[in-house]
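Summary of structural features
The residues making up each chain are set out below.
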Amino acid sequence: MSTTDGQDRRSCVSCGINIAGTNAAAFKCPDCGTRVFRCAKCRKQSNLYKCPDCGFTGP
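Residues numbered from 1 in each chain as written. Predicted model: local features only at pLDDT ≥ 70, side-chain atom pairs only at ≥ 80, totals over all residues. Heavy atoms only, no water.

Let us now look at the environment of Gly58. Mapping Gly58 onto the fold places it in strand S4 (residues 57-58). A C-alpha to C-alpha distance of 8.5 Å links Gly58 and Asn47, two positions eleven residues apart in sequence. Those residues in contact with Gly58, other than ones at most four positions away along the chain, are Asn47, Leu48 and Tyr49. (Helix = DSSP H or I, 4+ residues; strand = E, 2+ residues; numbered from the N terminus. Contact = heavy atoms within 4.5 Å.)

What follows concerns the nonpolar core. The biggest cluster of nonpolar side chains holds five residues, and these are Cys12, Ile19, Phe37, Cys39 and Cys42. Beyond its immediate stretch of four places on either side in the chain, Cys39 contacts Cys12, Cys15, Ile17, Ile19, Asn23 and Ala24. (Core = buried A, V, L, I, M, F, W, Y, C linked by side-chain atoms within 4.5 Å. Buried < 20%, exposed > 50% of the residue type's maximum accessible area, 1.4 Å probe, protein only.)

This paragraph deals with the side chain of Thr34. As for its position among the elements, Thr34 is in the loop between strand S1 (25-28) and strand S2 (35-38). By relative accessible area, which is 19% here, Thr34 ends up buried. A distance of 2.6 Å separates polar atoms of two side chains, one belonging to Thr34 and the other to Asp53. Setting aside its immediate chain neighbours within four residues, Thr34 contacts Phe27, Lys28, Cys29, Cys51 and Asp53. (Polar contact = N/O pair within 3.5 Å; in protein donor to acceptor, adjacent residues only side chain to side chain.)

Where S1 meets S2, four bridges bridge the pair, whose relative direction is antiparallel. Each residue of the ladder has a partner; that of Ala26, found in S2, is Phe37. In this structure, the hairpin formed by S1 and S2 is closed by a connection of six residues, where Gly33 is found at a positive phi of approximately 85 degrees. (Pairing = 2+ DSSP bridges.)

Attention now goes to the side chain of Arg38. Inspection of the secondary structure assignment puts Arg38 in strand S2. In this structure the side chain of Arg38 is engaged in a polar contact, spanning 3.1 Å, whose partner is the backbone oxygen of Cys42. Not counting residues within four places of it along the chain, the set of residues in contact with Arg38 comprises Cys12, Val13, Ser14, Ala24, Ala25, Phe27, Arg43, Ser46, Asn47, Tyr49 and Pro59.

Attention now goes to the packing of aromatic side chains. In total, this model carries two aromatic pairs according to the counting rule given. For the pair Phe27 and Tyr49, a centre-to-centre distance of 5.4 Å together with 75 degrees between the ring planes defines the contact as edge-to-face. On the criterion of sequence distance, the pair formed by Phe27 in strand S1 and Tyr49 in strand S3 (residues 49-50) is long-range, its members being 22 residues apart. Under the relative-accessibility criterion, Phe27 is labelled partly exposed at 26%. Taken together, a centroid distance of 6.3 Å and an interplanar angle of 50 degrees make the contact between Tyr49 and Phe56 tilted. For Tyr49, a relative accessible area of 7% translates into the label buried. (Phe/Tyr/Trp six-rings, centres within 6.5 Å; stacked < 30°, edge-to-face > 60°.)

Encoded structure:
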């Protein structure tokens, strides 16, 4: 049995912080559909993000 619950690996694609238990957004990449997570701070500041799978960049 694994000791991680899956949420431990969720991090903001803009700043890299662990977003487990925070007010973060999860959405699909517009190009490839990979699930992307962003923290509230990066969303508010409109920081750029880059999809880890296809490289799509957005605000």
